[in-house]
Amino acid sequence: MPKAPLLAPPGPPTLTFRWDGAPVAACPGDTVASALIAAGELATSRSAKYRRLRGPACLHGGCGTCLVRVDGRPNQRACLTPVREDMVVEPQNTYGGLDPTALVDQIFRRGIDHHHLVVYPRLANQMMQGVARELAGFGELPDAPPEGAAGLFDHVPEVLVIGAGRSGRALAAALAAAGRPPLVVERRAAAALPAAERPARLLAGVGVFACYPQERLWAAASEHPPVLHRLRPRHVVLAVGAHEPTIPLANNDLPGVVSARGLADMLEQTGRRLAARVVVVGEGPRAELLAAGLGAERVAPARVHKLLGARRVKGVQLDDGKILRCDLVALAPDPAPAFELAAQAGAPIRFTGAGFAPVCDPDGRIAAGPAAHPLEAADAQTAPPPPWTLWAVGELAGATTPAEIQASVDRCAAALLRALAESPAPEDSHARA
Amino acid sequence: MTARTFVCRCEDVTLGEVERAIAVGLADVEEIKRYTGLGTGPCQGKECLSALGRLLVARGLVPAAALRPFTARPPVEPVTFGALAAGATGPVAPEDPSR
Amino acid sequence: MTAVMGRPDTALPADVDVAVIGGGIMGLGLAYHLALLSGTGAKGKPPLSVAVIERSYLVSGASGRNGGGVRMQWGDAGNVRLMMDSIELCKDLAQQLGINLWFRQGGYLFLARSEAGEVRLERNVHLHAEVGAPTRLLTAAEAQTIVPQLDVAEVRLATFNPEDGVVFPWAFVWGYAAKAVERGVLLRTHTSVTRVEPLARGYALHLSTGEVVRAARVVNATGAWSGALNRQLGIDLPNRPHRHEILSSEPLKPFLDPLVVDLSSGLYFSQSTRGELVTGISLPDAPDGSDESLTLHSSLRFLTHLSRTLTRLMPITAAMKVLRQWVGPYDVSPDGDAIVGPSPGHPDFIQVCGFTGHGFMMAPAVGRLLARWLLDGEAHPMLARWSPGRFAAGGMARREDMIIG
Ligand SMILES: Cc1cc2nc3c(=O)[nH]c(=O)nc-3n(C[C@H](O)[C@H](O)[C@H](O)COP(=O)(O)OP(=O)(O)OC[C@H]3O[C@@H](n4cnc5c(N)ncnc54)[C@H](O)[C@@H]3O)c2cc1C
Ligand code: FES
């Protein structure tokens with residue numbers, strides 16, 4: 001049965017890909033997730049333990065529940081994968097529409113304590129372990145090893161900007177205007193960035209996956225083609241933004257429960273328009289702004305009794321019994337800064353009330369300090385001081401509204417340019433190793 | 001469908017499971033992570049860690065100023081063994097290293 | 001129902017019979033067996049009071065950072081017998097501890113790519129047959145029928161033992177902890193022993209909380225961190241900490257049954273119940289540190305070195321992704337044998353250290369034999385061999401050449 005479309009296309013769809021065996025129409029700017037949501041296909045997998053239907057949620061590469069099989073490769077993020085003609089996309093961890101494993105959720109109404117599930121007798125325990133093993137993994141082995149030789153690149157940029165979101169792009173533009181264009185690394189494809197704002201020196205489709213202070217480098221990679229990048233910058237600007245954490249509400253995992261911010265960004269990026277009823281759950285100025293942008297009704301999390309629906313979200317039931325019918329629920333939590341790379345680099349980390357963030361001065365400069373956890377803290381203290389200066393801008397530096405983000409970029413750019421002025425511009429180097 | 005409130009969807013960890021871990025005396029983010037599995041799935045904590053942090057602070061179990069995240073282990077973005085293999089230098093195989 | 005597995009606020013008395021420092025698998029396995037044997041008031045003796053003091057959270061040490069491999073394929077008869085005992089204990093340990101251990105006997109597949117490796121595997125098979133371990137010699141083609149994705153072009157010979165397997169290490173530690181607590185062991189977490197003070201009889205342990213606990217006998221079960229406590233008492237032992245890196249991949253549906261070891265590179269990999277590939281390798285020149293410099297940072301060098309070896313041996317892995325990498329401390333003993341028993345000059349300060357990269361699998365057997373010795377003085381052939389006094393007495397001999405990593 002064809003599902004009602006939830007997002008209207010910006011123009012006539014010109015692409016077709018296959019989802020679970022059936023054709024789906026898409027537009028050139030679409031990701032797999034935007035095309036699927038547009039088509040009303042909200043569920044992409046079943047969960048590991050309770051076998052509940054799940055689908056794209058954060059729409060931002062951060063939550064890990066939109067993983068699908070694409071052209072024989074397991075666990076690809078639907079929300080970051082651009083649609084290509086004839087692409088074959090398959091759900092994972094499901095056994096068809098009438099999946100018998102869905103009963104798990106019904107049978108274990110009071111939850112599954114996997115540590116103490118069917119421990120006795122031994123024979124039953126072994127059978128349970130066999131079943132658990134079959135149900136656990138996510139996705140099947142890839143069809144084939146990647147084609148083509150893997151590549152290795154070494155970069156020695158004066159300034160490395162990680163992330164080409166709003167703050168990363170603005171900072172890169174400010175530095176470029178002053179004659180010091182940075183190298184910008186962005187995990188999304190170049191096509192996902194507004195053409196007019198694409199930084200001059202951009203590595204797109206490449207994710208910075210770690211900082212290794214002891215080896216004095218940052219590491220990044222792309223998956224297709226398989227390429228590893230080693231980066232040894234003098235300045236690193238973390239413009240990695242924030243994660244959209246979940247809001248603990250009953251049935252907050254239903255397909256169609258998405259991040260309000262992720263949804264707004266997706267609409268902007270694809271040019272699609274909402275053709276669905278949306279309820280925003282959140283409070284505070286940011287949630288109000290997002291709800292207004294989406295043209296949606298907003299309720300505070302404390303008023304929500306539970307989210308309704310079985311195979312996808314159908315509505316929000318409030319504490320007073322009232323039901324708000326909808327096709328999508330958009331969560332607008334306080335964002336949690338993406339502190340991970342900063343922590344690996346040895347930045348002191350504090351709890352902000354919403355999440356964790358590196359401690360930085362008003363310009364965004366991060367002082368190196370002990371690592372986050374005492375057991376692994378010795379590392380940062382024994383490591384020699386890093387050869388780079390570390391900066392944070394935008395949401396990572398605590399900005400939440402567009403105006404705050406711009407102000408944070410302006411301060412950081414000015415301070416960074418002052419620091420750069422003290423030393424002559426070195427030649428950047430980029431080499432295939 | 002059973003009504004469940006999730007803190008970590010990757011590993012199917014509900015609010016109730018976190019509460020049980022707290023009830024048996026686990027109060028450290030690192031140990032709650034290990035006992036419940038929270039944060040050990042594909043997102044590696046991007047969705048759930050802050051929610052756990054807020055819960056521990058709201059319950060008065062950890063003062064906000066003392067709360068620390070669990071170790072942010074690499075990789076924070078996916079990377080394949082194929083791409084990583086390109087970065088290997090040095091001899092292909094050491095002499096039989098077993099002692 | 002979840003049982004209590006130790007707390008940061010467990011009340012400790014001023015005096016105990018046995019204080020175990022370190023709540024890893026060794027300390028807790030021993031505490032469990034002590035409680036099991038003494039708690040019943042066996043042989044008319046009063047139950048023993050046992051306290052375990054752990055510096056951090058449970059599973060924070062090597063016991064929470066290992067690969068969970070369990071095997072009887074060793075190169076020395078003593079180790080093979082010990083591991084046959086341990087695997088026998090593992091078979092119904094989940095039922096005894098009341099927790100899922102996810103012990104899965106998918107076997108260990110050893111691959112030899114060099115002549116030296118080939119010689120070792122052939123010797124093992126003969127030795128195992130004598131001792132009664134069901135290890136089989138395989139050709140490269142036979143190895144490939146067990147793991148179809150292997151590229152066996154360079155493999156000269158392989159061995160397989162179907163009794164070997166993998167466990168989920170954390171649950172093991174929690175299981176021992178919960179049962180030990182249930183049987184009266186006092187388990188204090190998030191508290192370290194900062195100073196050990198010898199008394200006329202026994203020792204006074206000074207804790208990070210300011211408390212002092214006196215114990216007639218003390219067990220040093222702090223593994224890679226044991227040197228610091230030993231030095232306070234002037235006990236000079238040669239075990240040293242050593243970083244060992246490891247990683248797990250994205251979880252996939254079951255495709256790999258055994259744990260595979262490539263002898264030539266020290267690469268090992270297995271698939272956990274959750275579906276993750278768990279894999280490590282010995283780095284060609286990883287330096288041994290002193291315990292002051294023991295750091296647990298991950299490296300890119302490990303990732304790249306491992307990935308090159310793994311993708312050559314199992315090409316399909318080139319398209320698989322890494323989920324997370326971490327580091328744990330090996331507690332390396334110079335002759336490859338553990339260091340267990342009374343310390344030189346300190347008969348009531350007992351070591352259970354030096355288990356290098358294989359202490360987890362030995363812990364069930366070690367906990368039982370050490371508890372029997374502590375309670376009743378019962379001898380065991382491995383205890384004689386593991387004596388901490390052997391180094392000073394010049395009795396050090398390398399017997400084992402199947403240590404991985
Ligand atoms: C990466 C890796 C992979 C491995 N793979 C395997 C494998 O596949 N199979 C296998 O059998 N073995 C394996 N091992 C080895 C195995 O993990 C260890 O031999 C075993 O866990 C040692 O246990 P333990 O209790 O002695 O040490 P630990 O688990 O390290 O416990 C020592 C405890 O002492 C505590 N402590 C330290 N100082 C103090 C103090 N002053 N006061 C109080 N507490 C203190 C620490 O916090 C720690 O919890 C591996 C090890 C590593 C690191
Ligand atoms: S990672 Fe794609 S929706 Fe969250």
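Since this is a predicted model, take the numbers as computed values, not measurements.

**Some points on the overall build of chain B**
Step number 1: When you go through chain B residue by residue, the secondary structure sums to four helices and two strands.
Step number 2: Counting helices and strands in the order they occur from the N terminus, chain B gives β-β-α-α-α-α.
Step number 3: Out of the 99 residues in chain B, the part that is buried amounts to 68%.
Step number 4: Restricting to contacts in chain B with at least 6 residues of sequence separation, those with at least 24 account for 55%.
Step number 5: Accessible surface, chain B as shown: approximately 2900 Å² in total, 57% of it carbon and sulfur.

**Focus on the environment of Glu186(A)**
Residues and elements named next belong to chain A.
Step number 1: Along the chain, Glu 186 falls in strand S11 (residues 183-186).
Step number 2: Residue Glu 186 is classed as buried on the basis of its relative accessible area, which comes to 5%.
Step number 3: Sequence-distant contacts of Glu 186, defined by excluding residues within four places in its chain, comprise Gly 163, Ala 164, Gly 165, Leu 193, Leu 202, Leu 203, Ala 204, Gly 205 and Val 206.

**Brief notes about the sheet that holds strand S9 (residues 151-156) of chain A**
Step number 1: Read across the sheet, five strands follow the order S13-S14-S15-S9-S31 (chain A) without closing on themselves; strand pairing throughout is mixed. Bordering the open sheet on either side are strand S13 (207-212) and strand S31 (429-432) of chain A, each of which pairs with just one other strand. Taken pair by pair, the neighbouring strands of this sheet meet at an average axis angle of 20°, ignoring direction.
Step number 2: Alignment of S9(A) against strand S15 (residues 227-231) of chain A, held across five bridges, turns out to be parallel. Within S15(A), the residue paired with His155(A) across the bridge is Leu231(A).
Step number 3: Contacting S13, strand S14 (217-222) and S15 of chain A, helix H8 (residues 300-313) of chain C crosses the sheet at an angle of about 120° to S13(A).

**Quick notes on the side chain of Ser282(C)**
Step number 1: Examined against the element boundaries, Ser282(C) turns out to sit in the loop between strand S15 (277-280) and H8.
Step number 2: From its side chain, Ser282(C) meets the backbone oxygen of Ser265(C) in a polar contact 3.4 Å long.

**Overview of the interface of chain A and chain B**
Step number 1: With 69 residues of chain A at the interface, the matching set in chain B holds 46 residues.
Step number 2: When chain A packs against chain B, the two sides together hide about 4900 Å² of surface, and 58% of this comes from carbon and sulfur.
Step number 3: When residues of chain A are sorted by the area they lose upon contact with chain B, Phe209(A), Phe351(A) and Phe356(A) head the list and together hold 12% of the total.
Step number 4: Put simply, chain A and chain B have five salt bridges between them.
Step number 5: A salt bridge links Asp12(B) to Arg54(A), with the shortest nitrogen-to-oxygen separation between them at 2.7 Å.

**Topic: the sheet that holds strand S4 (residues 108-112) of chain C**
Residue and element names in this part refer to chain C.
Step number 1: Taken in spatial order, the eight strands line up as S5-S6-S4-S13-S14-S15-S12-S16 in an open sheet, and their pairing is mixed. Only two strands of the sheet have a single neighbouring strand rather than two, namely strand S5 (136-138) and strand S16 (322-332). Put simply, the sheet's adjacent strands are angled 20° from each other on average, direction ignored.
Step number 2: Summarising the sheet, S4 and strand S6 (residues 157-161) pair through five bridges and their orientation is antiparallel. Across the sheet, Leu 109 pairs through a bridge with Phe 160, a residue of S6.
Step number 3: Against the sheet, helix H4 (residues 115-131) touches S4, S5 and S6, its axis set at about 35° to S6.

**Some remarks on the site of ligand 1**
Residue and element names in this part refer to chain C.
Step number 1: Neighbouring residues of ligand 1: 37 residues in total, closest Glu 54, Ala 62, Ser 63, Gly 69 and Met 361.
Step number 2: The separation between an oxygen atom of ligand 1 and a polar main-chain atom of Gly 69 is 2.9 Å.
Step number 3: With respect to ligand 1, the backbone of Val 193 contributes an N or O atom lying 2.9 Å from a nitrogen atom.
Step number 4: Of all the secondary-structure elements, those providing two or more residues to the shell around ligand 1 are helix H1 (25-38), strand S12 (240-249), S16 and helix H9 (359-376).

**Let's talk about the packing of helix H4 (residues 166-177) of chain A against helix H9 (residues 402-421) of chain A**
Residues and elements named next belong to chain A.
Step number 1: For the pair H4 and H9, interaxial distance at closest approach is 9 Å and the crossing angle is 35°. For H4 against H9, the interelement crossing comes out right-handed. Across from Ser 167, Ala 170, Leu 171, Ala 174 and Leu 175 in H4, the residues of H9 making contact are Ile 405, Gln 406, Val 409, Cys 412, Ala 413, Leu 416 and Leu 417.

**Things to note about the pairing of strand S6 (residues 67-70) of chain A**
Residues and elements named next belong to chain A.
Step number 1: Going residue by residue along S6, you find Leu 67 and Arg 69 tucked away on one face and Val 68 and Val 70 tucked away on the opposite face as well.
Step number 2: Of the pairings in the sheet, the one linking S6 to strand S7 (residues 73-77) comprises three bridges and is antiparallel in character. Pairing of Val 68 across the sheet is with Gln 76, part of S7.
Step number 3: Between S6 and S7, which pair antiparallel in sequence order, lie two residues; one of them, Asp 71, sits at a positive phi of approximately 50°.
Step number 4: Here two bridges tie S6 to strand S8 (residues 88-90), and the two strands are oriented antiparallel to one another. Residue pairing for S8: Val 70 is matched across the bridge by Val 89.

**Some thoughts on the domain arrangement of chain A**
Step number 1: The domains assigned to chain A are domain 1 (100-135) and domain 2 (151-242 + 336-432).
Step number 2: Of note, the centres of domain 1 of chain A and domain 2 of chain A, computed from C-alpha atoms alone, are 44 Å apart.

**Examining the side chain of Thr40(B)**
Step number 1: Tracing the chain through its elements places Thr40(B) in the loop between helix H2 (29-36) and helix H3 (49-58).
Step number 2: Within the structure, Thr40(B) has its side chain in polar contact with the backbone oxygen of Gly37(B) (distance 2.7 Å).
Step number 3: Discounting residues that sit within four places of it in the chain, Thr40(B) has contacts with Glu11(B), Lys33(B), Glu276(C), Leu323(C) and Arg324(C).

**Things to note about the packing of aromatic side chains**
Step number 1: Applying the stated criterion across every chain, the model contains 14 aromatic pairs over all chains.
Step number 2: Plain terms: the ring middles of Phe172(C) and Tyr176(C) are 6.0 Å apart, the flat faces sit at 70° to each other, and that makes the pair edge-to-face. In this pair, Phe172(C) and Tyr176(C) are both assigned in helix H6 (residues 169-182), four residues apart and thus about one turn of the helix distant.
Step number 3: A centroid spacing of 5.7 Å and a plane angle of 75° characterise the contact between Phe355(C) and Trp386(C), whose relative ring orientation is edge-to-face. Of this pair, Phe355(C) sits in the loop between strand S18 (346-353) and H9 while Trp386(C) is found in the segment after helix H10 (381-385), placing the two residues 31 residues apart along the sequence.
Step number 4: Under the relative-accessibility criterion, Trp386(C) is labelled buried at 1%.
Step number 5: One aromatic cluster is present, formed by Tyr35(B), Phe168(C), Trp170(C) and Trp174(C) through successive ring pairs.
Step number 6: The ring of Tyr50(A) carries the charged tip of Arg4(B) above its face, separated from the ring centre by 4.0 Å.
Step number 7: Directly above the ring of Trp74(C) sits Arg71(C), whose terminal nitrogen or CZ lies 3.7 Å from the centroid.

Criteria and cut-off values
- Residues numbered from 1 in each chain as written.
- Chains lettered and ligands numbered in written order.
- Predicted model: local features only at pLDDT ≥ 70, side-chain atom pairs only at ≥ 80, totals over all residues.
- Heavy atoms only, no water.
- Helix = DSSP H or I, 4+ residues; strand = E, 2+ residues; numbered from the N terminus.
- Buried < 20%, exposed > 50% of the residue type's maximum accessible area, 1.4 Å probe, protein only.
- Contact = heavy atoms within 4.5 Å.
- Areas by Shrake-Rupley, 256 points an atom, 1.4 Å probe, with all protein chains shown as cover.
- Pairing = 2+ DSSP bridges.
- Axes fitted to C-alpha atoms, helices over the stretch in contact; angles between N-to-C directions.
- Polar contact = N/O pair within 3.5 Å; in protein donor to acceptor, adjacent residues only side chain to side chain.
- Buried area = accessible area lost by both parts, 1.4 Å probe.
- Salt bridge = Lys/Arg side-chain N within 4 Å of Asp/Glu carboxyl O.
- Near = heavy atom within 4 Å.
- Left-handed = near helix turned anticlockwise from the far one by under 90°.
- Domains from an automatic or database assignment.
- Phe/Tyr/Trp six-rings, centres within 6.5 Å; stacked < 30°, edge-to-face > 60°.
- Lys NZ or Arg CZ within 6 Å of the ring centre and 35° of its normal.

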